[in-house]
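# Coordinate analysis (summary)
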Amino acid sequence: MSELKPRIHDEDTGIDYILAGDYYIPAIELPEDDYRPIGKWGQMYRAYLEETNLLLLNHLILTGKLHSYLADLNEQAQNRYHLIVQQMADTEGVTEDLKRRSQWEWVQTMNSIASCAEEIIRDEICNA
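Figured I'd write up the structure that's included with this text. (Residues numbered from 1 in each chain as written. Predicted model: local features only at pLDDT ≥ 70, side-chain atom pairs only at ≥ 80, totals over all residues. Heavy atoms only, no water.)

Attention now goes to the overall build of the protein. When you go through the protein residue by residue, the secondary structure sums to 5 helices and 3 strands. When its helices and strands are written in sequence order, the protein yields β-β-β-α-α-α-α-α. Rg of the C-alpha trace for the protein: 23 Å, well past the compact-globule value of 14 Å for 128 residues, more than 25% over. Its C-alpha atoms give the protein principal-axis dimensions of roughly 85 × 30 × 20 Å. Taken over 128 residues, the protein has a buried fraction of 24%. The long-range fraction of contacts in the protein, counting pairs at least 24 apart against all pairs at least 6 apart in sequence, stands at 54%. Here the protein has roughly 9300 Å² of accessible surface; of this, 52% comes from carbon and sulfur atoms. (Helix = DSSP H or I, 4+ residues; strand = E, 2+ residues; numbered from the N terminus. Rg over C-alpha atoms; globule rule 2.2 N^0.38 Å. Buried < 20%, exposed > 50% of the residue type's maximum accessible area, 1.4 Å probe, protein only. Contact = heavy atoms within 4.5 Å. Areas by Shrake-Rupley, 256 points an atom, 1.4 Å probe, with all protein chains shown as cover.)

Here's what the structure looks like:
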């Protein structure tokens, strides 16, 4: 019987494996330089991946790219959300003048716009 190598590399996946007893386990190291928050949108997308695409989720985990992937997605979603809110507020005529004249109407309109923007981002994330 041949001797098992202490470390092997899978060319298909790009993952290194270390011999532990009679089994090879993935040599996974988390990136230490990425301290960006995953945020609401990143957490939502991770839950979506857990339900719909475990293959992609496991690949991102095993390659150590999950955190940066979710942090990037969160930043993009936040930027898109702010852009959508601004565009919808401009379209509906929500201004500082309205805020001074009728705070209640301004709050109602902005809450409606924020809700619509969140729904748009949620659909874009989950259907990406």
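Once you've had a look at it, read on.
Scanning all chains against the criterion turns up 3 aromatic pairs. For the ring pair Trp-41 and Tyr-81, a centre distance of 6.4 Å and an interplane angle of 45 degrees mean the geometry is tilted. Of the two residues, Trp-41 sits in helix α1 (residues 39-52) while Tyr-81 sits in helix α3 (residues 66-92), which places them 40 residues apart along the sequence. An identical accessibility class is assigned to Trp-41 and Tyr-81; each is buried. Aromatic side chains Tyr-45 and Tyr-48 sit 5.8 Å apart centroid to centroid with 35 degrees between the ring planes, which places their arrangement in the tilted category. On the criterion of helical spacing, the pair formed by Tyr-45 and Tyr-48 is a turn pair, its members being 3 residues apart in helix α1. Pairwise contacts between aromatic rings join Tyr-45, Tyr-48 and Tyr-69 into one cluster. The lysine or arginine in question, Lys-40, covers the ring of Trp-41, its NZ or CZ lying 4.9 Å from the ring centre. (Phe/Tyr/Trp six-rings, centres within 6.5 Å; stacked < 30°, edge-to-face > 60°. Lys NZ or Arg CZ within 6 Å of the ring centre and 35° of its normal.)

Bringing the environment of Pro-6 into the picture now. Relative to the elements of secondary structure, Pro-6 occurs in the segment before β1 (7-10). Taking relative accessible area as the criterion, Pro-6 reaches 61% and is therefore assigned exposed. Placed 64 residues apart in sequence, Pro-6 and Leu-70 show a C-alpha to C-alpha distance of 33 Å. The contact partners of Pro-6, leaving out residues within four places of it in the chain, are Tyr-17, Ile-18 and Leu-19.

Let us now look at the environment of Glu-118. Tracing the backbone shows Glu-118 in helix α5 (residues 103-126). Put simply, Glu-118 and Ala-77 are 41 residues apart on the chain and 9.4 Å apart in space, counted from C-alpha to C-alpha. For Glu-118, the residues in contact, after removing those within four places along its chain, are Lys-40, Trp-41 and Tyr-81.

On to the packing of α1 against α3. Where α1 contacts α3, the two axes come as close as 7 Å, and the packing angle between them is 125 degrees. Here α3 runs oblique to α1, going by the angle between their axes. Note that α1 runs across α3; the crossing there is right-handed. The segment α1 lies against α3, with Gly-39, Lys-40, Trp-41, Gly-42, Tyr-45 and Arg-46 engaging Leu-66, Tyr-69, Leu-70, Leu-73, Asn-74, Ala-77, Gln-78 and Tyr-81. (Axes fitted to C-alpha atoms, helices over the stretch in contact; angles between N-to-C directions. Parallel < 35°, antiparallel > 145°, perpendicular 65-115°, else oblique. Left-handed = near helix turned anticlockwise from the far one by under 90°.)

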